[in-house]
Amino acid sequence: MWSKKHCLRMMESLPHDVVELILERLPGNSLLRFKAVSKQWNSTIQCQLFQERHLRQRQQLGDPDVLMVSLRREDVINPDIESLTTLVLGSSSSPVKIHTPWEKENTDYLVSHSSCDGLVCLYNPHHSGFVVNPTTRWYRPLPVCELQQLIIDLRDSFYLLGYGLYKLGFGKDKFTGTYKPVWLYNSLEIGLENATTCEVFDFTTNAWRYVTPAAPYRVVHFPDPVYVDGSLHWFTDCQETKVVSFDLHTEAFQVISKAPFAKNVNPFDIVMCNLDNRLCVSQQKWPNQVIWSFHSNNKTWEKMYSIDVTLSLVGKHICALPPLALLGGKKKINNKKKKLLFYSRELCQNLVIHDPETKSYYAAFSTESYGYPVCYFQSLISIK
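About the thresholds
- Residues numbered from 1 in each chain as written.
- Predicted model: local features only at pLDDT ≥ 70, side-chain atom pairs only at ≥ 80, totals over all residues.
- Heavy atoms only, no water.
- Helix = DSSP H or I, 4+ residues; strand = E, 2+ residues; numbered from the N terminus.
- Buried < 20%, exposed > 50% of the residue type's maximum accessible area, 1.4 Å probe, protein only.
- Contact = heavy atoms within 4.5 Å.
- Areas by Shrake-Rupley, 256 points an atom, 1.4 Å probe, with all protein chains shown as cover.
- Core = buried A, V, L, I, M, F, W, Y, C linked by side-chain atoms within 4.5 Å.
- Pairing = 2+ DSSP bridges.
- Axes fitted to C-alpha atoms, helices over the stretch in contact; angles between N-to-C directions.
- Salt bridge = Lys/Arg side-chain N within 4 Å of Asp/Glu carboxyl O.
- Phe/Tyr/Trp six-rings, centres within 6.5 Å; stacked < 30°, edge-to-face > 60°.
- Lys NZ or Arg CZ within 6 Å of the ring centre and 35° of its normal.

For the protein chain, the count of helices and strands is six helices and 24 strands. Each of the 384 residues in the protein chain was classed as buried or not, and the buried ones make up 50%. Considering only contacts in the protein chain between residues 6 or more positions apart, those separated by 24 or more positions represent 50%. When the accessible area of the protein chain is evaluated, it comes to approximately 19100 Å², of which 52% is carbon and sulfur surface.

Grouped together as the largest cluster of nonpolar side chains are 40 residues, with contacts concentrated most on Trp183, Cys198, Trp234, Phe246 and Phe253. Of all elements in the fold, only β5 (120-124), α6 (146-154), β9 (179-186), β10 (196-202), β11 (207-211), β13 (231-235) and β14 (242-247) reach the threshold of two or more residues within this core. Sorting elements by how many residues they give to this core places β9 first, with five residues. Leave out the neighbours within four places in its chain, and Cys198 touches Val182, Trp183, Leu184, Arg209, Tyr210, Val211, Ala214, Phe246 and Phe253.

This part takes up the sheet that holds strand β12 (residues 226-228). Two strands in a sheet stick together by hydrogen bonds in their backbones, pointing the same way (parallel) or opposite ways (antiparallel). Spatial ordering of the open sheet is given by β12-β13-β14-β15, a layout of four strands whose pairing is antiparallel. Edge positions in the open sheet fall to β12 and β15 (252-258), since each of these has one partner strand only. Across the sheet, the axes of successive neighbouring strands diverge by a mean angle of 30°, strand direction being ignored. One ladder, built from six bridges, connects β14 with β15; its direction is antiparallel. Following the sheet pairing, Asp247 is matched in β15 by Ala252.

For the rest of this paragraph, the subject is the pattern of salt bridges. One pass over the structure, following the stated rule, counts ten salt bridges. Measuring nitrogen to oxygen at the nearest pair gives 3.7 Å for the salt bridge that ties Glu240 to Lys258. Here Glu240 is found in the loop between β13 and β14, whereas its partner Lys258 is found in strand β15, with 18 residues between them in sequence. For Glu240, a relative accessible area of 26% gives the class partly exposed. Salt bridges linked by common partners bring Lys180, Asp202, Arg209 and Glu251 together as one network.

Here the focus is the sheet that holds strand β18 (residues 288-295). Strands sit in the order β16-β17-β18-β19 across an open sheet of four strands; the sheet is antiparallel. Each of the sheet's edge strands pairs with one partner strand only, and the pair in question is β16 (270-275) and β19 (300-308). Taken pair by pair, the neighbouring strands of this sheet meet at an average axis angle of 25°, ignoring direction. When strand β17 (residues 278-285) meets β18, the two strands line up antiparallel, connected through six bridges. Paired with Cys280 across the two strands is Ser293, which belongs to β18.

Before going further, it helps to spend a moment on the environment of Asp108. Along the chain, Asp108 turns up in the loop between β3 (96-98) and β4 (110-111). Taking C-alpha positions, Asp108 is 7.0 Å from Asn124, a pair spaced 16 residues apart along the chain.

Once that is clear, we can look at the packing of aromatic side chains. One pass over the full model with this rule turns up ten aromatic pairs. Ring centres of Tyr123 and Trp183 lie 5.6 Å apart, and the angle between their planes is 90°; this geometry places the pair in the edge-to-face category. Highlighted residues: Tyr123 in strand β5 and Trp183 in strand β9, separated in sequence by 60 residues. Accessibility assignment for this pair places Tyr123 and Trp183 in one class, buried. Where Phe294 meets Trp301, the ring centres are 4.9 Å apart and the plane angle is 45°; that geometry is what we call tilted. On the accessibility criterion, Phe294 (7% relative accessible area) is buried. Put simply, the rings of Tyr109, Phe130 and Tyr139 pair up and form one aromatic cluster. The ring of Tyr217 is capped by Lys242, whose NZ or CZ atom sits 5.1 Å from the centre of that ring. Across from the ring centre of Tyr305, 4.9 Å away, lies the NZ or CZ of Lys337, which sits over that ring.

Keep in mind these numbers describe shape, not what the thing actually does.
Here is the structure:
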């Protein structure tokens, strides 16, 4: 059997354009080690164009990894719990704990539901957040926005206003490649006249700025905003639930569709997600969980999956189950439906895979700690 050193020597003897094609297909953590092989390899791996090609290969060749963002709970005392843990689905290797500079702060961080190009956004209503690349351990701090500063200033009295906990959105302008964290929140409770207020972070100025006009309807605070194909999406808080989108290039809001369910739906019974770069809605209709997929060309919704919640292994729950990803690569095999990865928003301890062909359920990952998962593809990308 050839040794790794022998394989590396063989690769070094190849034309460099061939070497690049091989490197593009390797996992990101392998490329980090291979930067030490030679100056030429290091230069190639750090090249932005190479990193973009490598990301496309990872997205086309396989399933995403999962990042678990752990929460510290008073009733679960475990000093060994790290704030970030990454796992490769279907791998026999153990989950890898990611040590971070802020893990000793004793601060819980939430994670934006949508990753983008291997980057994830961590945030806390009372603290500055971070954009993190779990593969390279690169990170960049985010200063608090105006909403967070108001929460810090008012302390507990802020929540006496009847304000909910809004979630941070994260995505990318698909035309310019600019990454944008976005806060969208209702305005009435904090004394503003508009239906909503929108703040967008600008990495070039390292500051938040307002976007006007913001969304024309109040939004539901509980579900996470979801990034799909250059836009972020929220549910509206009105008599007939709609889906409102924010184009990250034009920075304009528009209602793209009515939601695929009845009026006055309980916000705990619905959640949005991105499955194979399509906007989807998961709706709890006990004892089933129905997942709808949006067709942007004709503005219609198609039923994709129906999960028997009583068999789903996630235990009792009151919230809709959020799907994380479709597994099985980008291509369908013999027109078979892909397996579905999902979890429970309340327990956040088990990742479950549903096979629609065999109608079976099995645990992909279990942990004693509490936390929230987000799927991402390994990449070497950072934000300059």
